[in-house]
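# Descriptive analysis of the structure
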Amino acid sequence: IYFRIGMIEQELGSLKQALTAFDKAIEVEPELEDVYLERANVLCELDRHEEAVQDYKKVWAFGNYGTEDVIDYVEALVELDLLDDAIQILYDGCDQFEDNAQLRLILTGYLFATASFEEARVIMNECLVLEPTSIDLFHQYFPAFGKIPEITGILAEIQSAHNA
């Protein structure tokens, strides 16, 4: 019942009340997987990213998550400047959701951000196989990279190779 109350409070935007209900739900039933995910989401909305990351780790241990959960986890890690951890979660997410171009696009962006250009090239090539408009989507996700000649050059080479 506390989990349901937390969900209602979260839906209503009463985040502190939702957090209290989720805490109680965990106290009563600590094996309830979904409550950790929802509590992590609320903690992120409250800018309590360190605590959210701890809950996301539990969610990952349960193995019951979706692509949006991967993205939320990555955002929490990035807020804590844990970019290497975020990249690893994205790699794990790409392995888990093999046909998901969105996760690969985000991974490509973070690889470019860390100057891992060759890895970014490999992942972007995988994206284009899954989604032919990936480079256009990449520019929508990461518009600032459009001003970096090295990145735009790599993307142009990749696009040209796929068009050939």
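Each remark here, short or long, concerns the structure printed above.
First, a word on what this report is: a plain description of the structure on this page. Every chain is numbered on its own, with residues counted from 1 as its sequence reads. It should be noted that, the model being predicted, local features are given only for residues of pLDDT at least 70 and side-chain atom pairs only at 80 or more, the latter also being counted only at that level, while totals for whole chains, interfaces and linings use all residues. Values reported for side chains reflect all heavy atoms of the structure, with hydrogen atoms and water molecules removed beforehand.

The number of helices and strands found in the protein chain is ten helices and zero strands. By definition, any uninterrupted DSSP run of H or I lasting at least four residues is a helix, any uninterrupted run of E lasting at least two residues is a strand, and each is numbered from the N terminus. Starting at the N terminus and walking to the C terminus, you meet the elements of the protein chain as α-α-α-α-α-α-α-α-α-α. Oriented by its inertia axes, the alpha-carbon framework of the protein chain measures out at about 60 × 25 × 25 Å. Only protein chains enter the accessibility calculation, which uses a 1.4 Å probe; a residue is then buried when its area is under 20% of its type maximum, exposed when over 50%, and partly exposed in between. Residue burial in the protein chain is summarised as follows: out of 164 residues, 43% are buried. Contacts: residue pairs with any heavy atoms within 4.5 Å of one another. The contacts in the protein chain between residues at least 6 apart in sequence include a share of 46% that link residues at least 24 apart. Working definition of accessibility: Shrake-Rupley area with a 1.4 Å probe, residue cover restricted to the visible protein chains. Accessible surface, the protein chain as shown: approximately 8,900 Å² in total, 49% of it carbon and sulfur. Charged-residue counts in this description rest on Lys and Arg as positive and Asp and Glu as negative, His and the chain ends being excluded. For charged residues, the charge sits on one atom: NZ in Lys, CZ in Arg, CG in Asp, CD in Glu. Taking the average place of the 10 positive charges on the side chains of the protein chain and the average place of its 33 negative ones, the gap between the two points comes to 7 Å.

All right, on to a nonpolar patch on the surface then. Note on patches: the residues involved have over 30% relative accessible area and no salt bridge, like charges join within 9 Å, and the nonpolar side chains Val, Leu, Ile, Met, Phe, Trp and Tyr join within 5 Å. We define a salt bridge as a contact between a side-chain nitrogen of Lys or Arg and a carboxyl oxygen of Asp or Glu at a distance within 4 Å. Together, Ile1, Tyr2, Ile5 and Val28 make up an exposed nonpolar region whose accessible area comes to about 390 Å². Mapped onto the elements of the fold, Ile1 is located in the segment before helix H1 (2-12).

Turning our eyes to something else, we now look at helix H3 (residues 33-45). Burial runs high along H3: ten of the 13 residues are buried. Contacts from the buried residues of H3 go to H1, helix H2 (15-28), helix H4 (49-62) and helix H5 (67-79). Looking at the residues trailing H3, positive phi occurs at Asp47, about 60°.

Let us now look at the packing of aromatic side chains. Two rings belonging to Phe, Tyr or Trp (six-membered ring only in the last case) form a pair when the distance between their centres is within 6.5 Å. Interplanar angles under 30 degrees mark stacking, angles over 60 mark edge-to-face geometry, and anything in between is tilted. In total, this model carries 15 aromatic pairs according to the counting rule given. Taken together, a centroid distance of 5.9 Å and an interplanar angle of 40° make the contact between Phe3 and Phe22 tilted. Pair noted here: Phe3 is in helix H1 and Phe22 is in helix H2, with a separation of 19 residues, a long-range link. Take Phe22: its relative accessible area is 0%, and that puts it in the buried class. Look at Phe112 and Phe138: their rings are 5.8 Å apart centre to centre, the planes differ by 70°, and that puts the pair in the edge-to-face class. Of this pair, Phe112 sits in helix H7 (residues 101-113) while Phe138 sits in helix H9 (residues 134-141), placing them 26 residues apart in sequence. The residues Phe112 and Phe138 share a single accessibility class, namely buried. In textbook terms, an aromatic cluster arises when at least three aromatic residues are bridged by ring pairs, as seen for Tyr110, Phe112, Phe117, Phe138, Tyr141, Phe142 and Phe145.

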